[in-house]
Every structure is written in C-alpha cells, then in structure tokens.
Amino acid sequence: MALVPTGMMSVPATEAIDRPAVAKWYGAKYMRLSLHHRLLIAFLVGTLVVFAIVFSLGLISAQVILLQLAGIALTAFVITVISRKFSERVGLIVQAAERIARGELDEPILVDTELPEVNALAAKIDQIRESIRHRDKQLLRRNDELRDALHHLQQVNRGYLEMLSFVTHELKSPVASMYAAAITLQDGIAGQMPEPQRKLAATIVRNCEYLEDMVKNYLDLSRIEKGEFEVHPQEVDLLDELVVPNIEQLTQQAENRRIQVCCDVPAGVIVRVDPELVRIAIGNYLSNAIKYGREHGRIEIRARQYGSAVRVSVWNEGAGFGDEQREKLFRKFGRLSDAQTKRQKGSGLGLYLVREIVERHGGKVGATSEPDHWAEFWLTLPLSDQTKGTLMSELRKVLLIDDDVDLVETLKIAMEANGFTVDTAHSGAEGLAKARNNKPEAIVLDVKMETLGEGFQVARELRTDERTKDIPLIMLSSVNQENMGFRYDADEQWNPVDVFLDKPIKPARLMDEIRKIGAAKTR
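First things first, this report covers the structure right here in the doc.

The rules behind these values
- Residues numbered from 1 in each chain as written.
- Predicted model: local features only at pLDDT ≥ 70, side-chain atom pairs only at ≥ 80, totals over all residues.
- Heavy atoms only, no water.
- Helix = DSSP H or I, 4+ residues; strand = E, 2+ residues; numbered from the N terminus.
- Buried < 20%, exposed > 50% of the residue type's maximum accessible area, 1.4 Å probe, protein only.
- Contact = heavy atoms within 4.5 Å.
- Pairing = 2+ DSSP bridges.
- Axes fitted to C-alpha atoms, helices over the stretch in contact; angles between N-to-C directions.
- Core = buried A, V, L, I, M, F, W, Y, C linked by side-chain atoms within 4.5 Å.
- Expected span 1.5 Å × (residues − 1).
- Polar contact = N/O pair within 3.5 Å; in protein donor to acceptor, adjacent residues only side chain to side chain.
- Parallel < 35°, antiparallel > 145°, perpendicular 65-115°, else oblique.
- Left-handed = near helix turned anticlockwise from the far one by under 90°.
- Nonpolar A, V, L, I, M, F, W, Y, C, P; charged D, E, K, R; others polar.
- Salt bridge = Lys/Arg side-chain N within 4 Å of Asp/Glu carboxyl O.
- Disulfide = S-S within 2.5 Å.
- Arc of directions from axis to C-beta.
- Patch = residues over 30% accessible without salt bridge, like charges linked within 9 Å, V, L, I, M, F, W, Y side chains within 5 Å.
- Areas by Shrake-Rupley, 256 points an atom, 1.4 Å probe, with all protein chains shown as cover.

Below, the discussion takes up the overall build of the chain. The helix and strand inventory of the chain stands at 14 helices and 14 strands. Taken across its 523 residues, the chain has 40% of its residues classed as buried. Summarising the internal contacts of the chain: among those between residues at least 6 apart in sequence, 69% fall at separations of at least 24.

Right under this line is the structure:
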C-alpha cells in the first residue's frame, strides 16, 4: 500500500485513511499557529471558497478573478503586518504577566503601541503589579513587626516562668514550717490554749493549707507551661501506690473538718500511668472534696471498670454545684462564684491540672452534682491487660428499698460480708430521697410496700430524674399472678426495671444478679 507524505505524518493513499484522526492532527497544528497566521489563513480560505462558488456559477470571468486575487493578496499582506504587530505587543504583556507570577514586581510594564486597547490592557496589568508590590511591602513590614512582638512575648513569658518557678520554690519550705507550727499550736501539743487563741491557730492552719495548695499548683503549672509535664507510664497498683498515699497525706485536713473518708477501691487493680502525675490528680480531687465538703460529712473514693479503663471517682457531701457552673470547673483559674466557694480560698488551678494530667494519659474527666446535697468528680485511667475483666465490674454500693425490715436486714448483713456497701429504706419516699442525695450504684426495690405496685411508681420516678435515670434497678416481687390483682410484663412497651426476681430471694442470687448487671455495663 502506497503512502502519501503529509509533512510530519504519513497518510495511507487508500480509502482506509482515518479521516477524523487526520483532521484532528491538522486542527492541532492550526491552533499552535500565532494569531496573525490564523487570521490570514481564515481570510484566504474564506475568500477562495467564495470565488470558487462564483466562478462555478459563471458570474465572473477568470481575468477579473485574477485581478481581485491580486487585491486580496495585498489586503492579506496588510492584515499580516497589522496582526503581527498586535501579536508582538500582546506577547510583551504576556511576558510581563509571567514576571508578576514569578514574584518579579519591580520592573514596570512598558507597552506603547498605536493600538489603544492594547495600551489600556497593559496599563491595567501594570496597576495590578504595583498594587501587589505595595501589598507585599506592607505584609513584609507587618511580618517583621509580628516577629519582633513574638520575640518580646517569648522573653516576657520566659521571665514569668522563671519568676513563677523561683517564687514557688522559695515559698515551699517556709509555708511547710508555718503549717507544722500552726498544727502544733492548734492541737495543744505545745500546751493548751484558751479557745480564742485556738481559733486563731485554726485560722493560721487554714491559710497555711491554702498556701501549700497554691504553691504546689503553681509549681505544676510552671512545669506545664515550660513543656516539662511529660508522661512516663508504668504499671502501678491503683490502691497501694496512688490512692492510699493521698489519703494518708490528707488525713489531718479531713480530721480538722471532722470528715470521714471511705475508700471503695479494690486491691490488685493495676493501671498503666505516670504515678507521680496521677497522684497529683487524685490528690487534687480529694483535697477539693475535703475543702468544699460538708463539715462532719463523708467522702467516698471509688474505682470501677469502665470498658478498657478504670473510672476513679471522689464523692462528697456538700453544697455541690449547678449545671450552669459545670463548664467552669476544669478551666485554668476557673472558680465557682457561690457563697461556699467564696469562703474557701483557692488558686483555680487544681481541676485544670487534673484535666491536663488525665488527658495526657488518654483519659477523660467529668463531674456531676445534686446542689445542696453532694458532688462527684471522676476521671478515667488506662487499665493494664492483666486487670481487665476482673471483679472491678461489680456494682458495690447498693440501696435496698423494702418495707420488710427483717428481709432488708438479712440482705444487708449478707451483702456487706461480701464487700458491698448497703444503705436501706423502708418506704418509697425514703428510698427516692436516699437515691437522689447519696447516689447508689444499684437499687433493689419491692413491688408491694405500703400499696400494691408502689415499687413501679418509685422506679418510674427514678427513671425520669436526671440524677438517677442511669442507676440499674432490680425489682423483687411475690405478686406475679393476675388473680392476685397485679401482673408485670417484661415485654411491656416501657419497663423501668432491669431485672425481676421472685421472692423469696436468696442473698447469693441477688448478689449474682448485681454482678451480672455490673459486668454488662462495662462491656
């Protein structure tokens, strides 16, 4: 098959030529031509087509066509010259735009042609160049100012941190000495004092405790802001190495306010944490509970499994806080504004430090409260693999609500012998009050107390109360027959009870059901 050369491309000389491909190739070549070449080609092709049509119709002679073609050639030449000049001027503008794109803004765009449109376009682009150049200078100047300001702030901050560290270290020893001396006077170790002097000594003790907390918190704050608050996790025993040391350290403060500290943390629970930092976090919770708790009241520190973590909580009787104040609790220098907190001095750093420590361990913090009754602060810590799935999942603080006094006392004795903490109530109203004011982890209640079905009424009130809606409920019933006037249905549309157990109930069966609910809640 013969081939006909076509410039850079060889096209088959048979009907098998790929005409669309050839047309596409020629089209690409045409689009790469300069503007004035494309104008010239378009003009010549259009003119030739018109003359061919006219000549084929016999409307004009060949001589006239030749003369007109000569005139057209001259016109094409003039068009070529003009379009070339236009293209050259536009090319200068394109080059200037490329310089602007590269950030070369100092050289002005100088295009002076006999074409006013091209001159106007060049002038506008030059205005844009000048505007960008001016803005660049402003940005560079502003950047220099910001750099100088940042350097100044860094120097100020460095001075602040150095002063903070120096002052707190210098205060630590004299405050400890004053505190020991004040305790000695208050307790009468150096000789009994009259009541007015003893009260003054107690005031000194309170202020020394405040100063001691402040010094400790500011030392920790300086470590955070210097970037020295690094976490070095290791496996430690939660009770022996983290909780007990804090309780022992704060025993004197608790005794000063006649507050009972109860510990419900199982032995042998291993967590993977930085022991020094977590002791600070738990200590801050306990210190706050003593400081803001009710005098002659009670504090409970508990630990329960929470998925793959352990949830450590500190509960105390006291004024608590409202929902509108909750978001202030863990902020830096955040303090509540009620009358109780105003009476107690504080730096507003304790809970902020707790949050920083716990979040650096991948945990969470939180708080709940019943105003005028109690407050509970909690945190989560990562458990070691060997501790996951242990009996920590038990719900061990139980409230029994039943008017059968003998049954309640029997269950209480058996459950307390197995490590449960049991509170009792002998009526629905008493049970609701205790559930709201001293939040249990599980509630056992009877269907029939003063009236048939009173247990369900109590259960529904517990489920609709924000303070108690998540507490597991176990109902004891000896009336499960319709002919006795009452029936419960485990499949009813809204059932407020988790488990039904028939009476008579063995203590071992009840404890097993409570453990099952606890294990299910941690999964």
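Glancing now at unusual backbone geometry. For residues that are not glycine, phi is negative in most cases, and the peptide bond is trans in most cases. In this chain, lysine 503 is followed by proline 504 through a cis amide linkage whose omega measures 0°. Turning to its location among the elements, proline 504 is positioned in the loop between strand 14 (499-502) and helix 14 (507-521). For histidine 296, which is not a glycine, the phi torsion comes out positive at approximately 65°. Structurally, histidine 296 is set in the loop between helix 7 (275-292) and strand 6 (298-306).

Now for the side chain of asparagine 438. Summarising the element assignment, asparagine 438 is placed in the loop between helix 12 (428-437) and strand 12 (442-446). Sequence-distant contacts of asparagine 438, defined by excluding residues within four places in its chain, comprise Arg298, Trp315, Trp374, Lys397 and Asp423.

The subject of this paragraph is the sheet that holds strand 4 (residues 260-264). Taken together, 5 strands build an open sheet; the order of strands is 4-6-7-9-8 and the sheet is mixed. Of all strands in the sheet, those bounded by a partner on one side alone are strand 4 and strand 8 (365-370). Looking at each pair of strands side by side, their axes are set apart by 15° on average, direction ignored. Inspection of the sheet shows strand 6 paired to strand 7 (residues 309-317) by 8 bridges, in the antiparallel sense.

Our focus in this paragraph is the nonpolar core. Membership of the largest hydrophobic core comes to 47 residues, with the highest contact counts inside it found for Leu238, Tyr285, Phe377 and Leu379. At 9 residues, the largest contribution of residues to this core is made by helix 7. Tyrosine 285 has contacts with Val314, Phe330, Leu351, Val354, Val365, Gly366, Phe377, Trp378 and Leu379, leaving out every residue within four places of it along the chain. Counting 20 residues, the second-largest nonpolar core is a separate cluster that includes Leu400, Val408, Leu501 and Leu510.

Over its 18 residues, helix 7 runs 26 Å from end to end, which matches the ideal 26 Å to within 8%, given 1.5 Å per residue. In terms of residue burial, helix 7 counts as a mostly covered element, since 15 of its 18 residues are buried. Put simply, aspartate 274 is the residue that caps the front of helix 7, since its side-chain oxygen is 3.2 Å from the backbone nitrogen of glutamate 276.

The strands that make up a sheet pair up through hydrogen bonds in the backbone, lying either parallel or antiparallel. On the basis of which strands lie adjacent, the open sheet formed by 5 strands has the order 11-10-12-13-14 and parallel pairing. Only two strands of the sheet have a single partner each, and these edge strands are strand 11 (421-425) and strand 14. When strand polarity is set aside, the average angle formed by the axes of neighbouring strands in this sheet is 20°.

It is at 10 Å that the axes of helix 12 and helix 13 (residues 454-463) come closest, and there the two elements cross at 25°. One way to sum up the angle between helix 12 and helix 13 is to call them roughly parallel. Regarding helix 12 and helix 13, the two cross each other, and that crossing is right-handed. From helix 12, Gly428, Leu432, Ala435 and Arg436 reach across to helix 13, where they touch Glu454, Val458, Glu461 and Leu462. Its residues placed into classes, the contact of helix 12 with helix 13 shows 4 nonpolar, 1 polar and 3 charged.

Moving on, we get to the pattern of salt bridges. Per the counting criterion, the structure on display carries 27 salt bridges. The salt bridge involving lysine 397 is made with glutamate 300; its shortest N-O contact spans 3.3 Å. Linking lysine 397 in strand 10 (residues 397-401) with glutamate 300 in strand 6, this pair joins segments that are 97 residues apart in sequence. Assessed through its relative accessible area of 9%, glutamate 300 is described here as buried. Between glutamate 370 and arginine 467 there is a salt bridge, with the nearest N and O atoms lying 2.6 Å from each other. Of this pair, glutamate 370 sits in strand 8 while arginine 467 sits in the loop between helix 13 and strand 13 (473-477); the two residues are 97 residues apart in sequence, bridging distant segments of the chain. Taking relative accessible area as the criterion, arginine 467 reaches 26% and is therefore assigned partly exposed. If you follow the salt bridges from partner to partner, you end up with Arg298, Glu300, Arg302, Glu317, Glu376 and Lys397 in one network.

To continue, consider the state of the cysteines. Enumeration according to the criterion identifies 0 disulfides in this entry. Between cysteine 262, a free cysteine, and cysteine 263, which holds the nearest cysteine sulfur, the sulfur-to-sulfur gap is 9.0 Å. For cysteine 262, a relative accessible area of 22% puts it in the partly exposed group. Overall, cysteine 263 belongs to the partly exposed group, its relative accessible area being 38%.

The complete set of buried residues in helix 12 reads Gly428, Gly431, Leu432 and Ala435. One side of helix 12 carries all its buried residues, which in axial view fall inside an arc of 100°. The inward-facing, buried residues of helix 12 contact strand 10, strand 11, strand 12 and helix 13.

It is worth spelling out the side chain of histidine 361 at this point. Along the polypeptide, histidine 361 turns up in the loop between helix 10 (350-360) and strand 8. With a relative accessible area of 12%, histidine 361 lands in the buried category. In contact with histidine 361, not counting residues within four places along its chain, are Val231, Arg272, Val273, Asp274, Leu277, Val278 and Pro382.

On the surface, a cluster of nonpolar side chains totalling about 330 Å² of accessible area is made up of Ile41, Val45, Val49 and Ile53. Along the chain, isoleucine 41 falls in helix 2 (residues 35-56).

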